[in-house]
2 protein chains.
Amino acid sequence: LKTIGIIGGGAWGTALANVVVRAGRRAVLWAREGEVVAAINEFHENKPFLPGVRLEAGLHATADMAELEAADAILMVAPAQHMRAIALLAAPYFRPGVPAVICAKGIEQTTGSLLSEVLAEVLPGKPIAVISGPTFADETAKGLPTAVTLACPSEGLAAQLVAAIGQPTFRPYISTDIIGAQIGGAVKNVLAIASGIVVGRGLGENAKAALITRGLAEILRFGRYKGGQTETMMGLSGLGDLILTCGGPQSRNMALGMALGRGKSVDEVMSGRTSVAEGFYTAEVLARLATEAKLDLPICQAVAQVLHKDASLDQVIEGLLNRPFTSEA
Amino acid sequence: LKTIGIIGGGAWGTALANVVVRAGRRAVLWAREGEVVAAINEFHENKPFLPGVRLEAGLHATADMAELEAADAILMVAPAQHMRAIALLAAPYFRPGVPAVICAKGIEQTTGSLLSEVLAEVLPGKPIAVISGPTFADETAKGLPTAVTLACPSEGLAAQLVAAIGQPTFRPYISTDIIGAQIGGAVKNVLAIASGIVVGRGLGENAKAALITRGLAEILRFGRYKGGQTETMMGLSGLGDLILTCGGPQSRNMALGMALGRGKSVDEVMSGRTSVAEGFYTAEVLARLATEAKLDLPICQAVAQVLHKDASLDQVIEGLLNRPFTSEA
């Protein structure tokens, strides 16, 4: 795999392209915005989305999708809700056998589908892999140590991808479980909202640690239902990403929860934002899927109640604390 | 279980005694220090160890171990390295069938034993239970929400203990796995030192989240070797406590790691301290046990190398980042 295409010129796509170049491969980064393409090619900085990080000189950006035809593997970094449309546009430029590597996180709202399910429809027959883990884009772009799960049903292809992009400061850990590797990245945003509520409400560090732990149990329950494996979700793409996202207010989802916890209404919080925290939508989809499948996801359900059903925060918290005592496992 | 004895008048023993009284039970708190006993009984505050928290008026402290004879269950909150000696002193006051509930965390350094193994020797035949989880004592004492694992081989006794002390703001989750419930509380201190090093060295949030995730894998590996169950260690006593302890510099262990990460030598850090971070010792014991049992605990071994073998921090970090790429599970 000598040439790696990257679809999506946001912060994470740019960071991954930088990783590819540092690994000694050719990177072709497709971005929709002309200003992003120009900024990267001329000034080696993605000013709109990753300001302040100097990019490798070899990183080539383009607004012309046809250039992806040179790629031996393509990283799909478009936002979850746009993945279907962008993959459709890109489909003609996948040469036969070229794998699509999902590097975005989320559940398609309209269908409740995982992104691998979306791509199986839009790019039928293409090998699919997933890269997911605890990754703030700016740290990865700067070369600070990052570890991710790289999941792929074919161990041979997984090994090729690791050889292509692995390096001491970007360590992929291999798995064959592409379902499990997508669950954490989606559900964590809902749990980060819950975590923010705990912090904003002043409920303390004990409560937050307990919430994250019981939240992982919800990730596992939902993920097993979708066909994922426990070990995957306990790893970097699940637990790791959950810890990062619930770690501090850099995450938009946690910031949303904190505002709610401090007493703002959902309307007040949402109207003041230019970009919406992904967990706002995921909460609704998850609650719907959980109800249909009779899954016990009390924390995710509580977040959906608060965000979408006007439930009172205090009543929801009291409800969680007054659940019957039960066994842990 | 109407009367609960508590051995140990430090922050956590006092917080637990407060929980017991709030649950409507009688609490007899034994403390070694006369000033602690006086402060609690007269001023309802444990000024030396839990300053600023007003304690329940019904909380009775004593320096006379014979008063423990009234207890229907005894919470053992003495520090891990003193547990054997204090349990020996207390043994005569356990009425027949009264359970010993381990509420301390750590591994006995001289023997490498878990505290349940220590108590099996010193209190032979007594029922043993474990309470462990993410618990900053001051938060629990103040009545902020706290959730813990309550492990006990007898489900009947576990249910009695839950009925005795459970309440909305102190939620025990039941397990039968007393081994697994002790592992996280011991090993997390070593991982908190590693976590502190990552922060002090400026390696970033991605690296810290990856370290905690891979650290949980080490907890699981060591715990399974000792006979604990995976599910237990993924719960509040394992993952939950790990998240809390690695969450911020309130933990002495993390503070120790941060100082090392910023370039202080082990000698400089240790000489400036009045109380030693438990992980300093646990690292040495764990490294020894892991080598004997041929367990792969790279992070714990690295911490032991830095603390006890004068290894260079940068070389140890480079060694961890340059390990061969491998599968995640």
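All values derive from a computational prediction rather than experimental measurement. In every chain, residue numbers begin from 1 and rise along the written sequence. Whichever chain is written first is A, and whichever ligand is written first is 1; the rest continue in order. Totals for whole chains, interfaces and linings use all residues, but because this is a predicted model, local features are given only for residues with pLDDT of at least 70 and pairs of side-chain atoms are given and counted only at 80 or more. Excluding hydrogens and water, the side-chain values take into account all heavy atoms of the structure.

Undergrad: Describe in detail the overall build of chain A, supporting the description with residues and values.
TA: We count a stretch as a helix when DSSP gives it H or I for four or more residues in a row; a strand needs E for two or more, and each element gets its number in order from the N terminus. If you tally the helices and strands in chain A, you get 15 helices and 10 strands. The size measure is the radius of gyration over C-alpha atoms, and the globule rule it meets is 2.2 Å times the number of residues to the 0.38 power. Its C-alpha atoms give chain A a radius of gyration of 20 Å, within 12% of the compact-globule value 20 Å for 329 residues. With the principal axes as the frame, chain A shows a C-alpha extent of 60 × 40 × 35 Å. In chain A, which comprises 329 residues, the share counted as buried stands at 60%. In chain A, 70% of the contacts between residues at least 6 apart in sequence involve partners at least 24 apart. Considering chain A, the positive charge centre built from 28 side chains and the negative charge centre built from 30 side chains are found 2 Å apart. Burial status follows relative accessibility: with a 1.4 Å probe on protein chains alone, a residue under 20% of its type maximum counts as buried, one over 50% as exposed, and anything between as partly exposed. Here a residue-residue contact requires only that any non-hydrogen atoms of the pair lie within 4.5 Å. Residues scored as charged are limited to Lys and Arg (positive) and Asp and Glu (negative), so that His and the chain ends carry no count. For the purpose of locating charges, the reference atoms are NZ of Lys, CZ of Arg, CG of Asp and CD of Glu.

Undergrad: Describe the sheet that holds strand 1 (residues 3-7) of chain B, naming the residues involved and giving the relevant values.
TA: Residues and elements named next belong to chain B. Following DSSP output, two strands are said to pair if at least two bridges run between them. Spatially, the eight strands line up as an open sheet ordered 3-2-1-4-5-8-9-10, and their pairing is mixed. Only two strands of the sheet have a single neighbouring strand rather than two, namely strand 3 (60-62) and strand 10 (170-175). With strand direction ignored, the average angle separating the axes of adjacent strands in the sheet is 25°. Sheet topology note: the strand 9 (residues 146-151)/strand 10 ladder contains six bridges and is parallel. Note that in strand 10 the partner of alanine 151 across the bridge is serine 175. Packed on one face of the sheet, helix 4 (residues 115-122) meets strand 4 (73-76), strand 5 (100-102) and strand 8 (128-132) and runs near 155° to strand 5. In this analysis an axis means a line fitted to C-alpha atoms, helices contributing only their contacting stretch, and an angle means the value between N-to-C directions, from 0 to 180 degrees.

Undergrad: Would you mind going over the sheet that holds strand 4 (residues 73-76) of chain A in detail, with residue names and values included?
TA: Residue and element names in this part refer to chain A. Strands sit in the order 3-2-1-4-5-8-9-10 across an open sheet of eight strands; the sheet is mixed. Where the open sheet ends on each side, the last strands, each with one partner, are strand 3 (60-62) and strand 10 (170-175). Each neighbouring strand pair of the sheet contributes to a mean axis angle of 25°, computed without reference to strand direction. Each of strand 2 (26-30) and strand 3 touches helix 2 (residues 34-43); the most contacted strand, strand 3, lies at about 160° to it.

Undergrad: Give a description of the relation of the copies chain B and chain A that names residues and reports values.
TA: Between the two chain copies there is a screw-like relation: a rotation about an axis and a shift along it. Copies overlap after least-squares fitting; the atoms used are the C-alpha atoms of residues with pLDDT of at least 70 in both. Expressed as a screw transformation, the operator carrying chain B onto chain A has a rotation angle of 180° and an axial translation of 0.0 Å, and the superposed copies differ by an RMSD of 0.0 Å. The transformation just described matches what one would write down for a two-fold rotation axis. Mapped onto chain A, 100% of the interface residues of chain B are again interface residues, and the two copies thus contact each other with one and the same surface.

Undergrad: Outline the pattern of salt bridges, supporting the account with residue identities and numerical values.
TA: All names here are of chain A. Any Lys or Arg side-chain nitrogen located within 4 Å of an Asp or Glu carboxyl oxygen qualifies as a salt bridge. Summed over the entire model, instances satisfying the criterion amount to 22 salt bridges over all chains. For arginine 95, the salt bridge is made with aspartate 72, and the minimal N-O distance between the two is 2.9 Å. Of the two residues, arginine 95 sits in the loop between helix 3 (83-90) and strand 5 (100-102) while aspartate 72 sits in the loop between strand 3 and strand 4, which places them 23 residues apart along the sequence. Overall, the relative accessible area of 31% leaves arginine 95 in the partly exposed class.

Undergrad: How would you summarise helix 13 (residues 278-293) of chain B if you had to cite specific residues and measurements?
TA: Residues and elements named next belong to chain B. Helix length check: helix 13 (16 residues) gives 22 Å between terminal C-alpha atoms against 22 Å at 1.5 Å per residue, within 8%. Along helix 13, the residues classified as buried are Gly279, Phe280, Thr282, Ala283, Val285, Leu286, Ala287, Leu289 and Ala290. Phi turns positive one or two residues past the end of helix 13, at lysine 294, with a value near 55°. Take the residue count of a helix, subtract one, and multiply by 1.5 Å to get its expected span.

Undergrad: Help me get a handle on the packing of helix 7 (residues 180-200) of chain A against helix 10 (residues 236-245) of chain A, residues and values and all.
TA: Between two packed helices, both the angle of their axes relative to each other and the distance between the axes serve to describe the pair. Residue and element names in this part refer to chain A. It is the contact of helix 7 with helix 10, at a shortest axis distance of 8 Å, that shows an interaxial angle of 25°. It follows that helix 7 is roughly parallel to helix 10 by the angle criterion. Here the hand of the crossing between helix 7 and helix 10 comes out right-handed. Residue-level inspection shows Gly180, Ala181, Gly184, Gly185, Lys188, Asn189, Leu191 and Ala192 of helix 7 in contact with helix 10, the latter providing Ser237, Gly238, Asp241, Leu242 and Thr245. Amino acids are sorted into nonpolar (Ala, Val, Leu, Ile, Met, Phe, Trp, Tyr, Cys and Pro), charged (Asp, Glu, Lys and Arg) and polar (every other residue, Gly among them). Of the residues in the contact of helix 7 with helix 10, the class split is four nonpolar, seven polar and two charged. Each angle receives one of four descriptions, namely roughly parallel if under 35 degrees, roughly antiparallel if over 145, roughly perpendicular if within 65 to 115, and oblique otherwise. Handedness of a crossing is defined here by the sense of rotation of the near helix relative to the far one, left-handed for an anticlockwise turn of less than a right angle and right-handed for a clockwise turn.

Undergrad: Tell me about the interface of chain B and chain A, and name the residues and values.
TA: On the chain A side, the residues contacting the 53 residues of chain B number 53 residues. Once two parts are brought into contact, the accessible area they lose, counted with a 1.4 Å probe and summed over both, makes up the buried area. Taken together, the two surfaces of chain B and chain A that pack against each other cover about 4200 Å², and 66% of this comes from carbon and sulfur. Between chain B and chain A we count zero salt bridges in total. Between N or O atoms, a polar contact is any pair within 3.5 Å; within protein, one atom must be a potential hydrogen donor and the other a potential acceptor, and residues adjacent in sequence are included only when both atoms are from side chains. The interface formed by chain B and chain A contains 26 residue pairs in polar contact (both at pLDDT 80 or more). Counted by class, the side of chain B that touches chain A contains 28 nonpolar, 18 polar and seven charged residues.

Undergrad: Account for the nonpolar core, with residues named and values stated.
TA: Put simply, a nonpolar core is a bunch of buried Ala, Val, Leu, Ile, Met, Phe, Trp, Tyr and Cys residues held in one set by side-chain atoms that sit within 4.5 Å of each other. One finds Phe222(A) and Phe222(B) to be the most contacted residues of the largest nonpolar core, which totals 117 residues. Contact partners of Phe222(B), with chain neighbours within four places excluded, come to Ile107(B), Ile183(B), Val187(B), Leu286(B), Leu289(B), Leu295(B) and Leu297(B).

Undergrad: With reference to specific residues and values, describe the state of the cysteines.
TA: All names here are of chain A. Two cysteine sulfur atoms form a disulfide, by the criterion used here, when they sit within 2.5 Å. Under the definition given, this model contains zero disulfides over all chains. Cysteine 246 supplies the cysteine sulfur nearest to cysteine 300, a cysteine that is in no disulfide, at a spacing of 11 Å. Since its relative accessible area comes to 1%, cysteine 300 is described here as buried.

Undergrad: Can you break down the pairing of strand 4 of chain A residue by residue, with the values?
TA: Along any regular strand, the residues point their side chains to alternate faces of the sheet. Residues and elements named next belong to chain A. Burial of the side chains of strand 4 extends over both faces: Ala73 and Leu75 are buried on one face and Ile74 and Met76 on the other. Inspection of the sheet shows strand 1 (residues 3-7) paired to strand 4 by four bridges, in the parallel sense. Each bridged residue has a counterpart across the sheet, and for isoleucine 7 the counterpart in strand 4 is methionine 76. As paired strands, strand 4 and strand 5 are joined by three bridges and run parallel to one another. Within the sheet, the bridge partner assigned to methionine 76 lies in strand 5 and is isoleucine 102.

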